[in-house]
Every structure is written in C-alpha cells, then in structure tokens.
Number of protein chains: 2
Amino acid sequence: MRVLGIDPGLTRCGVGVVEGDPGRPLSLVDVGVIRTSSDLDVPRRLVTIEKGIDAWLDEYAPDAVAIERIFARSDVSTIMGTVQAAGIAMVCGARRGIPVAQHTPSEVKAAVSGNGRADKDQVTGMVTRILRLDAPPKPADAADALAIAITHLWRGGGQTRVDTARGAAAPTAAAQRWAEALAASKAAGKSATRKRP
Amino acid sequence: MRVLGIDPGLTRCGVGVVEGDPGRPLSLVDVGVIRTSSDLDVPRRLVTIEKGIDAWLDEYAPDAVAIERIFARSDVSTIMGTVQAAGIAMVCGARRGIPVAQHTPSEVKAAVSGNGRADKDQVTGMVTRILRLDAPPKPADAADALAIAITHLWRGGGQTRVDTARGAAAPTAAAQRWAEALAASKAAGKSATRKRP
C-alpha cells in the first residue's frame, strides 16, 4: 500500500510518499515540498498547490491520501491559507476516487514516536529511523508529510487501529501483521542508526 | 461585464450571475444554490462544490468571480467548511485565468443598501429592486451571491472604487458612468416595485 502524506500550508506544503506491506518495513518513495510565492494572490497560490499535488498523484498513484487535520486556534486569520490548502488536497484526492483521511498532530506524534506531545526534532528523528534514511528529511514540512503517511499506514489505512503499545483487545490477523511490520521496521531503523558513526 | 458572485458554504453555496454595462441597469442572468449532502465526507462535499462551480463557469463564462470574504470568529471549527468552500471557488476561477475578488460582508451590505450593518431582509430587498425581480431570490444564500456580484460590478470590478453616497474626490469617466448606472438601476427598481400591488 502506498500513501501520499500531506502537511498542508500555503507557503510550504509538505508531500511525502511512503510504501508498506504487512510484514515488511516501510520504505520512502519520495518526499518534497510544494512552495508558492507570496507575490501571487491567494487564488493563484492555491492553484499552484493544486497543480503540485496533482503532479504527485500522477507520478506515484497512491492508494490513499493522508492529510494533517488542522485545529482551531484563537487567531484563525493565520491559518486561513492552511485550511484552504488542506481543502485543495482533499479535493485532489477525492476527485480521483482515492480515499482521503485526516490525522491530528497528536495522533501523528503518538504513532511515530509513542508520545503525543513529541517535539518536531523527535518526530523527524523517528521518521528518519523508521524509513532507514541516511539523513533527516528537510525541511520540517517534508518530515511531517512522511510522518502523516507513516501514521496512516500504521493505523491500518484508516481501517484498523493498531496499537502495539497498549495491545488491542482482539487483534485481527491484519493488525498482527502490521504490529510485526512496526516492530521489524523499528528494529531495522535502530540497527541502521547504530551502524552509522 | 458578467460577474459570478459566490456565497461560500459547505451545505449550501449560493451562486448568482449578474450582468452590467456602464449606463445601463444591472440584470440577473441566473441564480441558484449548490447543495451538498452531510452524508458525504468533507472531501467529497468539496468535490461536489467544485463540480457545481465549474458547471456555472462553463455555462455563463463570467469575466470575474467575486466571493464573500470570510472573517475570523471565535469558534473556527464552525467555519472550516466555509473557508474551504471559498478556497475551492478561488481555485475554480483562478485556474481558468478569471480574476477572483473578495468582498467583505459589510462592503456588500454597504454597496447594495447604503448601510454596512443592513440585515439579511434589507439586502434581499435591495437585490430584488436593483435587479427588478418579481420576487425575492431564495434561499438567502442565493440573494447573498447576487449581492456580492452587484457589489463587484458597482465597485468597478475591483478596478475603480465607486462611492456615489460620499462622492469620489476625482471620479473617472468610468466611475461616473457606473454612478449613472447605479442611479438608473435603483430608479428602475423602485418604479417596478411600485407597480406591483
């Protein structure tokens, strides 16, 4: 299963594709950032984001799109563009018939690091380990996009909640395979990290 | 000049097309509401809005798209869908190269009724008069969409600020023609209203 993770933003929109099959470690397919110029007006910036996401969908044909869910803040004017970028991402996936899921920041942090309050460096560090990368993905938006894709895969693509830490009451066969994949992936990530100086 | 006015919303998105040329009263081309079912998830509802707006753009080929500008409220979660619908509307216009403008609710109220704090009934009443309609457009979202289109035309399509009430310091020829059109339109609207029992 291949997932396009999206960390929505008007100036920088992180995009990352992760692939994973039950019983095997996850792997990085590609990661990047769609940037838009503040010289353009908002409608044209949103069109740039739309074209960028469409290009990623064309290139990698993911089975699912996972987007970071945006939460209300006291000053909504600062997140207007982020909310609209997320809306564009939803439309890009949904009009191709690709399932679109949203995961909250704390779900993403908990999934990749085991701690819903992990900081950005911890998340980036875990993404680097889980995908056995030689260097942390940059900028942070790119690492976040990968974390969202990983979360989606580890949560069973929105179908099955896999919680290895607490243990599911009655894990399905699929959930068990995912738990094995998680363990294998984490072990692989750790040993790869140890090999490096 | 033909303008598509949009009152964005996830459940009901008002759309109205108004046509106007300098020196002539404005006229209604078409008005309606794009509805989406709450049974669908948000990505699919946004796709429905996108398809609806695209159909209106195909049908009426407007010279401009005018959208109501959304303002921050204390509880942003309630306007998330509205903000995203507005973003989709912007993209639909901008990717065709059609100029996209936004007008605030108070600008719209002031333009059509002369009072930035007019209530919904006053706005609907003035839209009915200005466009010489036999009955008020319904629902309110449809009337609002027409009010936004009227505002855009009377503000000179975003090019020239026409303010007949206070008088521009140095009105251009175009602004004067718009002022005449406004007066003619209002007079026509009033006389038409008086003719009805």
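Residues numbered from 1 in each chain as written. Chains lettered and ligands numbered in written order. Predicted model: local features only at pLDDT ≥ 70, side-chain atom pairs only at ≥ 80, totals over all residues. Heavy atoms only, no water.

**Let's talk about the interface of chain A and chain B**
The test is simple: Contact between two residues is taken to exist if any of their heavy atoms lie within 4.5 Å; hydrogens are not considered. By buried area we mean the combined loss of accessible area, with a 1.4 Å probe, across both parts when two parts are placed together. Any carboxyl oxygen of Asp or Glu that lies within 4 Å of a side-chain nitrogen of Lys or Arg is treated as forming a salt bridge with it. Residues adjacent in sequence count toward polar contacts only when both atoms are side-chain atoms; beyond that, a polar contact is any pair of N or O atoms within 3.5 Å, and within protein one must be able to donate a hydrogen and the other to accept it. Each helix is a run of DSSP H or I of at least 4 residues and each strand a run of E of at least 2, with the numbering of both proceeding from the N terminus. When residue character is reported, Ala, Val, Leu, Ile, Met, Phe, Trp, Tyr, Cys and Pro are called nonpolar, Asp, Glu, Lys and Arg charged, and the others, Gly included, polar.
Taken together, the contact pairs 23 residues of chain A with 23 residues of chain B. In this assembly, chain A packs against chain B so that about 1900 Å² is buried in total across both faces, 79% of it on carbon and sulfur atoms. Here chain A and chain B share two salt bridges between them. The residue Glu50 of chain B makes a salt bridge to Arg95 of chain A at a minimum N-O spacing of 2.2 Å. Summed over the shared surface of chain A and chain B, the result is four residue pairs in polar contact (both at pLDDT 80 or more). Among the elements of the structure, helix H1 (42-60) and helix H2 (80-94) of chain A are those that each provide at least two residues to the side of chain A that touches chain B. With nine residues, the top contributor of residues to the side of chain A that touches chain B is H2 of chain A. Here the residues of the side of chain A that touches chain B sort into 16 nonpolar, three polar and four charged.

**Re the UniProt feature "active site" (unreviewed entry) in chain A**
Residue and element names in this part refer to chain A. Rules: UniProt positions are given in the numbering used here, feature names are shortened, and annotations may be inferred rather than shown by experiment.
When the UniProt feature table is mapped onto this chain, "active site" (unreviewed entry) is found at Asp7, Glu68 and Asp141. The greatest C-alpha distance among the annotated residues, which extend across 135 residues, is 10.9 Å, indicating that they converge on a single site. Positionally, Glu68 belongs in strand S4 (residues 64-68). With near-sequence residues (within four places) excluded, Glu68 lies in contact with Ile6, Asp7, Pro8, Gln102, His103, Pro105 and Ile148. With respect to the helices and strands, Asp141 occurs in helix H5 (residues 140-154).

**Quick notes on the environment of Tyr60 of chain B**
Residues and elements named next belong to chain B. Counting through the fold element by element, Tyr60 comes out in helix H1 (residues 42-60). Separated by 30 residues in the primary sequence, Tyr60 and Asp30 place their C-alpha atoms 8.8 Å from one another. Setting aside residues up to four positions removed in sequence, Tyr60 forms contacts with Arg2, Val17, Val29 and Asp30. Engagement of the side chain of Tyr60 in a polar contact is seen with the side chain of Asp30, the distance being 2.4 Å.

**Examining the relation of the copies chain A and chain B**
Threshold: Copy-to-copy superposition: least squares on the C-alpha atoms, limited to residues that have pLDDT of at least 70 in both copies.
Its rotation angle being 180°, the transformation that places chain A on chain B also includes 0.0 Å of axial translation and leaves an RMSD of 0.0 Å. Both copies of the chain, as the preceding transformation shows, are related through a two-fold rotation axis. Taking C-alpha positions as the reference, the residue of chain A nearest the rotation axis is Gln84 of chain A, at 2.4 Å. When the interface residues of chain A are mapped onto chain B, 100% of them are again interface residues, pointing to one common binding face.

**Quick look at the side chain of Thr151 of chain A**
As for its position among the elements, Thr151 of chain A is in helix H5. Of note is the side chain of Thr151 of chain A, whose polar atom sits 2.7 Å from the backbone oxygen of Ala147 of chain A.

**Some words on the packing of aromatic side chains**
All names here are of chain A. This is how the line gets drawn: Under the pairing criterion, centres of Phe, Tyr and Trp rings, with the six-membered ring standing for Trp, must be within 6.5 Å; the plane angle then separates stacked pairs below 30 degrees from edge-to-face pairs above 60, leaving the rest tilted. Burial status follows relative accessibility: with a 1.4 Å probe on protein chains alone, a residue under 20% of its type maximum counts as buried, one over 50% as exposed, and anything between as partly exposed.
This model, assessed by the stated rule, comprises two aromatic pairs over all chains. Pairing Trp56 with Tyr60 gives two aromatic rings, centres 5.5 Å apart and planes at 50°, and the pair type is tilted. Note that Trp56 and Tyr60 are positioned in helix H1 at a spacing of four residues, about one turn of the helix. Neither Trp56 nor Tyr60 differs from the other in exposure class; each is buried.

**Structural notes on the nonpolar core**
Rule in force here: For our purposes a nonpolar core is just a set of buried Ala, Val, Leu, Ile, Met, Phe, Trp, Tyr and Cys residues, chained together by side-chain atoms within 4.5 Å.
Ranked by internal contacts, the top residues of the largest apolar core, which has 60 residues, are Ile6, Ile53 and Ile67 of chain A together with Ile6, Ile53 and Ile67 of chain B. In this view, Ile67 of chain A contacts Ile6, Pro8, Ala86, Ala89, Met90, Val100, Ala101, Gln102, His103 and Ile148 of chain A; residues no more than four positions away in its chain are not counted.

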